Amino acid sequence: MHKRLSSEKTTDLQMVTINDIARLAHVDKGAVSRTLRNHRDAQRLRPETRERILRIAAELGYQPNQLASSTRTGIVRSIALIGHFFNSTLYFSASQIISGILSESTKQGYGVKMYDSADLKKAFAEIVGNRIRYLLSFCAERPAREEQARFCRENGIQIVYLYEHAVGEYPAVNIDNLAASSMLVHHLAERGHRRIALLCVPHREELYSYVRERHEGYFRSMKELGLPVDPDLVSCSDDVEAAVARMLAYPPEKRPTAFYGISDNQIMRAQRVAVRLGFRLPEDLAMVGFGNNEASNLAVASITTVEEEFFRRGELAVKILFGDRNGLPPMSNGTYLIPPSLIVRESSGVCRESRRDAGGKGNAGKPLPQCIADRKTTAAKRRKGERDADIG
């Protein structure tokens, strides 16, 4: 029926126009245009007519002329992604987020262009030059985020941040780090652990807030559970190996029975040290982390961790760009917090001491599991009431 155009489509795609599709579909070109753009007025056409238009367009290999469309409407159907994509520490999370972005942007009929944040001035010039109105930022460093906010404010561009928190009027998508910390510490306590060590990193307030939140989440959860925090079992150092070796050298009554790390990478390093020192995993030590990265399931003892929902974060960021909150209300500071999920694996074994003394007492003379149960309701209420103040 449309043999001539079909034979040409592999060599000259640009020759296929909406006029060609309209002629072969026996409709006017306005009907073709509305159907291909998924315009709401296309719903006035019969379903079989829309299906015929889409089928013929696909068979002909039709590609819309984005340049002509943007010239006519002033709308460029592209989303800019800006970040340092070669940062090895963000590679796993960034790749998952990008997958989510591509999935949702395709549904929205938008393409994606990537820009390196190493030269923000050049990236800004190209975004303006390409008349892009939507921007997603992978930058976690506060100075770069604030500079991007100023750029968007001056040029009428909508931006959503994919790490950390909102900047001014511009929203961000993140997981609830306080809730995630509570999940992990409660999980260890429910397995009988009371001497839970913290593996953190130096607090660089000008860069990352998630470090502070996961650090505070540990202390808050320990307090909620009535568990003592030994300062000697808290490390905010980049040298994880040295910190773990120091803690495991303590006598048994002081040595931690579990480690809470703010990332799965820290826990993998901690596991290597423990094994070298002769500890069995998870029989002698329990460990939990954050991230659920691709190596978490391949550790010496597969890591109990928090899923940070990177793919969903990318999807949700695109939806927010176009005004769809997907049923998730923002916090008072403009950040959308995705509820975390706990993934229980081998690394969070039951405490050996609790197995030896099943009647071990927690606070107020109660067995520890009952103490935890009594505190959970008030703890949840307190987290809900205080989270805005803590993160904002």
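Rules used in this analysis
- Residues numbered from 1 in each chain as written.
- Predicted model: local features only at pLDDT ≥ 70, side-chain atom pairs only at ≥ 80, totals over all residues.
- Heavy atoms only, no water.
- Helix = DSSP H or I, 4+ residues; strand = E, 2+ residues; numbered from the N terminus.
- Buried < 20%, exposed > 50% of the residue type's maximum accessible area, 1.4 Å probe, protein only.
- Contact = heavy atoms within 4.5 Å.
- Salt bridge = Lys/Arg side-chain N within 4 Å of Asp/Glu carboxyl O.
- Pairing = 2+ DSSP bridges.
- Axes fitted to C-alpha atoms, helices over the stretch in contact; angles between N-to-C directions.
- Phe/Tyr/Trp six-rings, centres within 6.5 Å; stacked < 30°, edge-to-face > 60°.
- Lys NZ or Arg CZ within 6 Å of the ring centre and 35° of its normal.
- Expected span 1.5 Å × (residues − 1).
- Parallel < 35°, antiparallel > 145°, perpendicular 65-115°, else oblique.
- Core = buried A, V, L, I, M, F, W, Y, C linked by side-chain atoms within 4.5 Å.

Participant: Sorry, what's going on with the environment of Asn292 here?
Facilitator: With respect to the secondary-structure elements, Asn292 resides in the loop between strand 9 (286–290) and strand 10 (304–307). With a relative accessible area of 15%, Asn292 lands in the buried category. When the C-alpha positions of Asn292 and Ser263 are compared, they lie 8.8 Å apart, and in sequence the two are 29 residues distant.

Participant: Can you walk me through the side chain of Thr257 in this structure?
Facilitator: Along the chain, the position of Thr257 falls in the loop between helix 11 (240–248) and strand 8 (258–261). When neighbours within four sequence positions are excluded, Thr257 is seen to be in contact with His193, Arg194, Arg195, Asp284, Leu285, Ala286, Cys351 and Glu353.

Participant: Would you explain the pattern of salt bridges in this entry?
Facilitator: Two side chains that carry opposite charge are able to pair once their charged atoms sit near each other. In the structure shown here, the tally under the stated rule is 14 salt bridges. One salt bridge in this structure joins Glu48 and Arg46, with 3.8 Å as the shortest N-O distance. In this structure Arg46 comes out as exposed when scored by relative accessible area, which is 55%. Between Glu59 and Arg55 there is a salt bridge, and its shortest N-O distance comes to 3.6 Å. One end of the pair, Glu59, and the other, Arg55, are both in helix 4 (residues 47–60), four residues apart, so they sit about a helical turn from each other. By relative accessible area, Arg55 is classed as partly exposed at 42%.

Participant: Can you help me understand unusual backbone geometry in this one?
Facilitator: Glycine aside, the phi torsion of most residues is negative, and most peptide linkages are trans. At the junction of Leu281 and Pro282, the peptide bond is cis and its omega measures out at 5° in the coordinates. By secondary structure assignment, the location of Pro282 is in the loop between helix 12 (264–276) and strand 9. Notably, Glu164 is not glycine yet its phi reads approximately 60°, a positive angle. Among the structural elements, Glu164 can be located in the loop between strand 4 (158–161) and strand 5 (172–175). In this structure, Asn292 takes a positive phi of about 50° despite not being glycine.

Participant: What is the right way to look at the sheet that holds strand 6 (residues 196–200) in this model?
Facilitator: The pairing of strands in a sheet comes from backbone hydrogen bonds and takes either a parallel or an antiparallel form. The strand order across the open sheet built from six strands is 7-6-8-9-10-12, with neighbouring strands paired in mixed fashion. The open sheet has two edge strands, strand 7 (234–236) and strand 12 (341–343), and neither has a second partner. Strand-to-strand, the axes of this sheet are offset by a mean angle of 15°, without reference to chain direction. In the sheet, strand 6 pairs with strand 7 via three bridges, with the strands oriented parallel. The residue of strand 7 that forms the bridge with Leu198 is Val234.

Participant: Which parts of the structure should I look at to understand the packing of aromatic side chains?
Facilitator: Centre-to-centre distance and the angle between the planes together describe a pair of aromatic rings. Tallied over the entire structure, the rule returns eight aromatic pairs. Relative to Phe290, the ring of Tyr260 lies with its centre 6.0 Å away and its plane at 85°, an arrangement referred to as edge-to-face. One end of the pair, Tyr260, is in strand 8; the other, Phe290, is in strand 9, with 30 residues separating them in the sequence. Grouping residues by exposure puts Tyr260 and Phe290 together as buried. An aromatic cluster is defined as three or more aromatic residues linked by ring pairs; in this entry it consists of Tyr218, Phe219, Tyr260 and Phe290. For Lys254, the ring lying beneath its charged end belongs to Tyr250, and the centroid distance is 5.1 Å.

Participant: I'm lost on helix 9 (residues 177–190) in this one. Help?
Facilitator: An α-helix turns once every 3.6 residues. As a result, residues three or four positions apart point the same way. Between its terminal C-alpha atoms helix 9 stretches 20 Å, which fits the 20 Å expected from 14 residues at 1.5 Å a residue. Counting buried residues in helix 9 gives 12 out of 14 residues, a clear majority hidden from the surface. Inspection of helix 9 places Asn177, Leu178, Ala179, Ala180, Ser181, Ser182, Leu184, Val185, His186, His187, Leu188 and Ala189 among the buried residues, and these make up the whole buried set. The first or second residue beyond helix 9 is Gly192, which carries a positive phi of 95°.

Participant: Any chance you could explain the packing of helix 3 (residues 29–36) against helix 4 here in plain terms?
Facilitator: Between two packed helices, both the angle of their axes relative to each other and the distance between the axes serve to describe the pair. Closest axis-to-axis distance for the helix 3/helix 4 pair is 10 Å, and the angle between their directions is 80°. Classified by the angle between their axes, helix 3 and helix 4 sit roughly perpendicular to one another. Each of Ala31, Val32, Thr35 and Leu36 in helix 3 lies in contact with helix 4, whose residues at this interface are Arg50, Ile53, Leu54 and Ala57.

Participant: How do you make sense of the pairing of strand 5 when you look at a structure like this?
Facilitator: Looking along a regular strand, one sees side chains alternate from face to face of the sheet. Burial along strand 5 is two-sided: the residues Ala172 and Asn174 and Val173 and Ile175 are all buried. Where strand 5 meets strand 11 (residues 335–338), four bridges bridge the pair, whose relative direction is parallel. If you follow Asn174 over to strand 11, its bridge partner there is Leu337.

Participant: Any chance you could explain the nonpolar core here in plain terms?
Facilitator: Note on soluble globular proteins: their nonpolar side chains tend to be buried together. Core analysis: the largest hydrophobic core is formed by 24 residues, its most contacted members being Leu81, Ile101, Leu136, Phe138 and Leu162. Within the residue set of this core, elements represented by two or more residues are strand 1 (78–83), helix 6 (91–108), helix 13 (310–321) and strand 11. Among all residues touching Leu162, those that are not within four sequence positions of it are Ile97, Ile101, Leu136, Ser137, Phe138, Val173, Arg313, Gly314 and Ala317. Formed by 23 residues, the second largest nonpolar core is a distinct cluster that contains Val201, Leu227, Val234 and Val306.

Participant: Explain helix 10 (residues 210–224) here, please?
Facilitator: Between its first and last C-alpha, helix 10 extends 20 Å over 15 residues, near the 21 Å set by a 1.5 Å rise per residue. The element helix 10 is largely enclosed, with a buried count of 11 among its 15 residues. Within the sequence span of helix 10, burial applies to Val211, Arg212, Glu213, Arg214, His215, Gly217, Tyr218, Arg220, Ser221, Met222 and Glu224. Count one or two residues on from helix 10 and you reach Gly226, which has phi positive near 70°.

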